[in-house]
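Chains, contacts and geometry: an overview
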Amino acid sequence: GPIQATSAPATTPKALIMRPCAGHDPGLLDNLRSLASARSTLPLKVVMAVDDPDDLARPAIEAALIELRAAGIDASFELVANRGPNRKASILAGLLERHPEPGIVVNIDSNVDLSGFDFDRLFAPLLGDRSIGAIWVPWSERPPAGTPGLGSRASEALLGGSLTAFPLLCGIYPQGLVGKFWAAPRAAIDRIDFGDLTHYLGEDLEMARRLRAIDLEIEAASLLVRSPGQAPSFAAAIERFARWMLVVRGQKLPLSFSYPAFFFATPLVLVLAAIGAIARPELGLIAAGLALFARATVTLAARHWSGRGLALGPALVDAVLADLVLGLAWLRAFGSREVSWRGHRLRVERGGRLRALDP
């Protein structure tokens, strides 16, 4: 049932739920108030924050606070001064500084739907295993039915029909951490200088690296949440994923070179198979068949674990769109170190450090 306010002994751990916001995305109010239907036996302290007093998210935040407080949840709003080019990490750093109490700290991006989410399953490993530095929650992008725009469909395909689908990616790269939704012991976060993460575009990737450097483990939760996403143009979708790949280029350069051979290899294999078929048609056909079979398997597995079903027609569309977007985004990430993020221009320098280009 809904979270209820509880009186707990002083020794009972608490969870600080941080929800950084910026701008008014479609569905923002629904996402923020969805916490009221989540489940937790651990006391929660929810803080929604922006770094601009005129931020367009303010009305949705105020409306969500009314509903969360009516449900007995300790929820509040805070304005946090910007302290680095990564605005989200800056908000989180400010909230961590203002709320130093021990327990569990959680980041949940404003575009995550928490309807019915079970926080007890998320928190249980953190309360029982001190070797865990952070747990992140895989998510799928599920735009509402009838959402217009090829960009929205392409984003859904890439995040729910390829190896970049997070339910699959957490098994391929278990050392990573995806920053949309994570939970960590406060004691672990205090050891990694979180404020310095504001100088990285991929604060989550750097956070994971620092936690592993102090011999703490990163785990993916056996849970799945939904993000409604947006309705960007196809070009905007390319820019979005190019920004993600620029994180890998800046902070994990050797890993970025594996993308063509691993994440969108099917078109490349088919081209090579066609060339090979000129000399040995039977081998070319076998290679093409194996490539298509492998891609179909990946697509169907990604759709299943992302909760999107196994329909063959949409799966074919997923495969084509996902590989096209990944390929174009990869080329874009290697073509420029500059990105636009929430209306701000940024540059990823060598070594992954982030520099603001706005005056």
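Going by the structure above, here's the rest.
The structure reproduced in this document is the subject of the present report. (Residues numbered from 1 in each chain as written. Predicted model: local features only at pLDDT ≥ 70, side-chain atom pairs only at ≥ 80, totals over all residues. Heavy atoms only, no water.)

Across its full length, the protein holds 14 helices and 12 strands. A compact globule built from 359 residues should have a C-alpha radius of gyration of about 21 Å, and the protein, at 21 Å, falls within 12% of that. Across the protein, contacts joining residues at least 24 apart in sequence account for 77% of those joining residues at least 6 apart. Put simply, the protein shows about 15,900 Å² of open surface, and 62% of that area lies on carbon and sulfur atoms. One finds the centroid of the 38 positive side-chain charges in the protein at a distance of 4 Å from the centroid of its 35 negative side-chain charges. (Helix = DSSP H or I, 4+ residues; strand = E, 2+ residues; numbered from the N terminus. Rg over C-alpha atoms; globule rule 2.2 N^0.38 Å. Contact = heavy atoms within 4.5 Å. Areas by Shrake-Rupley, 256 points an atom, 1.4 Å probe, with all protein chains shown as cover. Lys, Arg positive; Asp, Glu negative; His and termini not counted. Charge placed at Lys NZ, Arg CZ, Asp CG, Glu CD.)

Let us look at the side chain of Arg210. Considering the arrangement of structural elements, one finds Arg210 in helix 8 (residues 203–213). A relative accessible area of 14% places Arg210 in the buried class. Looking at Arg210, its side chain comes within polar contact range of the side chain of Asp196, at 2.5 Å. For Arg210, the residues in contact, after removing those within four places along its chain, are Ile192, Asp193, Asp196, Leu197 and Tyr200. (Buried < 20%, exposed > 50% of the residue type's maximum accessible area, 1.4 Å probe, protein only. Polar contact = N/O pair within 3.5 Å; in protein donor to acceptor, adjacent residues only side chain to side chain.)

In contact at an axis separation of 10 Å, helix 13 (residues 281–305) and helix 14 (residues 312–335) are set at 105° when each is read in the N-to-C sense. With respect to each other, helix 13 and helix 14 are oriented roughly perpendicular. For the pair helix 13 and helix 14, the contacting residues are Arg295, Thr299, Leu300 and Arg303 in the first and Leu312, Pro314, Ala315, Asp318, Ala319, Ala322 and Asp323 in the second. In the contact of helix 13 with helix 14, the residues fall into 6 nonpolar, 1 polar and 4 charged. (Axes fitted to C-alpha atoms, helices over the stretch in contact; angles between N-to-C directions. Parallel < 35°, antiparallel > 145°, perpendicular 65-115°, else oblique. Nonpolar A, V, L, I, M, F, W, Y, C, P; charged D, E, K, R; others polar.)

So, on to the pattern of salt bridges. One pass over the full model with this rule turns up 25 salt bridges. Here Lys88 makes a salt bridge to Asp109, at a shortest N to O gap of 3.0 Å. Taken together, the residues span a long stretch of sequence, with Lys88 in helix 3 (residues 87–98) and Asp109 in the loop between strand 4 (104–108) and helix 4 (119–128) at a distance of 21 residues. The same class applies to Lys88 as to Asp109, namely buried. Of the charged contacts, one joins Asp190 and Arg186 as a salt bridge, the two residues approaching to 2.8 Å between their closest N and O atoms. Exposure remark for Arg186: the relative accessible area of 6% places this residue in the buried category. (Salt bridge = Lys/Arg side-chain N within 4 Å of Asp/Glu carboxyl O.)

Attention now goes to the packing of helix 12 (residues 266–279) against helix 13. At a minimum axis separation of 6 Å, helix 12 and helix 13 run at an interaxial angle of 165°. When the axes of helix 12 and helix 13 are compared, the pair comes out roughly antiparallel. With respect to the hand of their crossing, helix 12 and helix 13 are arranged in left-handed fashion. Taking contact as the criterion, the partners of Thr266, Val269, Leu270, Ala273, Ala277 and Ala279 in helix 12 are, on helix 13, Pro281, Gly284, Ala287, Ala288, Ala291, Leu292 and Arg295. For the contact of helix 12 with helix 13, the class distribution of residues is 10 nonpolar, 2 polar and 1 charged. (Left-handed = near helix turned anticlockwise from the far one by under 90°.)

Attention now goes to a nonpolar patch on the surface. A surface patch of nonpolar side chains, amounting to about 450 Å² of accessible area, comprises Val271, Leu272, Ile275 and Ile278. Checked against the element boundaries, Leu272 lands in helix 12. (Patch = residues over 30% accessible without salt bridge, like charges linked within 9 Å, V, L, I, M, F, W, Y side chains within 5 Å.)

Across a sheet, paired strands are connected by hydrogen bonds in the backbone, their directions being either parallel or antiparallel. Spatial strand order, 3-2-1-4-7-5-8: 7 strands in an open sheet with mixed pairing. Two strands bound the open sheet, and with one partner strand each, they are strand 3 (74–79) and strand 8 (217–220). Looking at each pair of strands side by side, their axes are set apart by 20° on average, direction ignored. Sheet strands in contact with helix 3 are strand 1 (15–20), strand 2 (44–50), strand 3, strand 4 and strand 7 (181–185), and its direction is about 150° off that of strand 1. Along the sheet, helix 4 contacts strand 1, strand 2, strand 4, strand 5 (132–136) and strand 7; its crossing angle with strand 7, the most-contacted strand, is approximately 35°. (Pairing = 2+ DSSP bridges.)

Okay, helix 4 next. Taken as a whole, helix 4 has its buried residues at Phe119, Leu122, Phe123 and Leu126. The arc enclosing the buried residues of helix 4, seen along the axis, measures out at 80°, which places them on a common side. The backbone nitrogen of Asp120 has a side-chain oxygen 3.0 Å away, supplied by the residue at the start of helix 4, namely Asp118. (Arc of directions from axis to C-beta.)

Further remarks concern the pairing of strand 5. In terms of residue burial, strand 5 counts as a mostly covered element, since 5 of its 5 residues are buried. As paired elements, strand 5 and strand 8 share 4 bridges and run parallel to each other. Looking at the pairing, Trp136 lines up with Ala220 of strand 8. As paired strands, strand 5 and strand 7 are joined by 2 bridges and run antiparallel to one another.

Each pair of aromatic rings is reported with the distance of its centres and the angle of its planes. By the definition in use, this model includes 15 aromatic pairs. An angle of 40° between the planes, with centres 5.6 Å apart, marks the rings of Phe257 and Phe334 as tilted. With a gap of 77 residues between them, Phe257 in the loop between helix 10 (253–256) and helix 11 (259–262) and Phe334 in helix 14 connect regions that are remote in the sequence. Taken together, the aromatic side chains of Trp136, Trp139, Phe166, Phe241 and Trp244 make up a single cluster linked through ring pairs. The cationic tip of Lys180 hangs over the ring face of Trp139; the distance from NZ or CZ to the ring centre is 4.4 Å. (Phe/Tyr/Trp six-rings, centres within 6.5 Å; stacked < 30°, edge-to-face > 60°. Lys NZ or Arg CZ within 6 Å of the ring centre and 35° of its normal.)

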